Amino acid sequence: MNINGKAYRTIWLGADGWSVEIIDQTRLPHEFVVATLRTLEDTGRAIKTMQVRGAPLIGATAAYGVCLALRTDASDDALERAIRYLAAQRPTAVNLRWALEEVRAAVRNLPREARVAAAYARAAEISEQDIETNRQIGVNGVALIEAAARGKRPGEPVNILTHCNAGWLACVDRGTATAPIYEAHERGIALHVWVDETRPRNQGAALTAFELGGHGVPHTIIVDNAGGHLMQRGLVDLAIVGADRVASNGDAANKIGTYLKALAAHDTGVPFYVAFPHSTIDWTLDDGLAIPIEERSAAEVLVMTGRTSDGRVEPVEIAAPGSPARNDAFDVTPARLITGLITERGVCAASRDGLLSLYPERR
Ligand code: MRU
């Protein structure tokens, strides 16, 4: 997708053919900085500190992290150490575990000298597949926006609410929750996106608004507490969010605050959709309460970073000095509050039967 009219992905190989380049998302929206990952540790740090974030992108980055580790040591031990280390960086997004298992499967039966090339090949496929998968999510989800548009007067926009950033910056390209939005925009459907700011790290205000703006998609940033009010007033036609892990019964973990939006949507009759690829489904979990929830530093709640009037990017303390803070990074929305799941295979009910109708091979 575009930044200042130039097409980017979130991750690509450097000119040397082996180092990994990423857009440093901790610097957006104020600065556009490309960071280079050369080691396993660079990759782990990028995932942990959220230079890369978003479930599919975490997976794609981890796959390249294994490649970088194998360049220095292609033994079985080093492979398993790298996988354990990377898997521990962020616990909730299951795409991380999925991508690591994919790379392990691609290399484990090969002789050492063939492992690096095979790992890079699988990592590249994971990135390419992410883009194609998201394109399909867009094609499947756009029907929901088209249906909402049919109830509108000519030129009146469909209002879509989204939470966090499940856009192209959270993936390799295109996004999950944003894929139907970009598809609708490209088809000329009038739409407008309510962007939850998404405290504490403001992925909505900083990233979703940045990328929608870059594509000319009309949008408005709202505080996290505003969604219920806007739904009550008939100002939201549908909500589409992403997911970090979906249990086999359709319960969906996503950025903290998603559950509250789903409750408000349920109360007000606003359709609430969750968009994600197959790699976000955890078939080993019967329900969402077993999903591990990442707890991050209290500093993310107590300190905010922004641009000052003279152009410096600075952290500022926003809370009563000395007060403690708690920072659960995700919550679980129960399937009963979800109108439908949008995947690359189609749209289904948020239930075990619904998911199995799209993925019958999991029966
Ligand atoms: O903590 P983050 O920024 O990695 O959380 C991201 C989200 O919660 C996204 O909504 C989710 O990963 C879906 S990404 C397509």
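See above for the structure.
A quick note: this is a predicted structure, and the numbers were derived from the prediction, not measured. (Residues numbered from 1 in each chain as written. Predicted model: local features only at pLDDT ≥ 70, side-chain atom pairs only at ≥ 80, totals over all residues. Heavy atoms only, no water.)

Undergrad: How should I be thinking about the pattern of salt bridges in this particular structure?
TA: A pair can form between side chains of opposite charge whenever their charged atoms are brought close. Within the structure shown, the criterion is met by 25 salt bridges. Of the charged contacts in the structure, one is a salt bridge between aspartate 282 and arginine 245, with a shortest N-O distance of 2.7 Å. Here aspartate 282 is found in strand β13 (residues 281-282), whereas its partner arginine 245 is found in strand β10 (residues 245-247), with 37 residues between them in sequence. By relative accessible area, arginine 245 is classed as buried at 7%. We note a salt bridge from glutamate 294 to arginine 296, for which the minimum N-O separation is 2.8 Å. For the pair glutamate 294 and arginine 296, one class covers both residues: buried. Three or more residues are tied together by salt bridges with common partners; here these are Arg90, Arg201, Glu294, Arg296 and Glu300. (Salt bridge = Lys/Arg side-chain N within 4 Å of Asp/Glu carboxyl O. Helix = DSSP H or I, 4+ residues; strand = E, 2+ residues; numbered from the N terminus. Buried < 20%, exposed > 50% of the residue type's maximum accessible area, 1.4 Å probe, protein only.)

Undergrad: So what exactly am I meant to see when it comes to the side chain of asparagine 254 here?
TA: By the element assignment, asparagine 254 lies in strand β11 (residues 252-255). The exposure class of asparagine 254 is buried, given its relative accessible area of 5%. A distance of 3.0 Å separates polar atoms of two side chains, one belonging to asparagine 254 and the other to threonine 258. (Polar contact = N/O pair within 3.5 Å; in protein donor to acceptor, adjacent residues only side chain to side chain.)

Undergrad: Explanation requested: the environment of valine 316 in the structure shown.
TA: Mapped onto the elements, valine 316 comes out in strand β15 (residues 313-317). A residue is classified by how much of its surface remains accessible, and valine 316, at 45% relative accessible area, is partly exposed. Along the chain, valine 316 and valine 303 lie 13 residues apart, while their C-alpha atoms are 5.5 Å from each other. Those residues in contact with valine 316 that lie beyond four places of it in its chain are Leu302, Val303 and Met304. (Contact = heavy atoms within 4.5 Å.)

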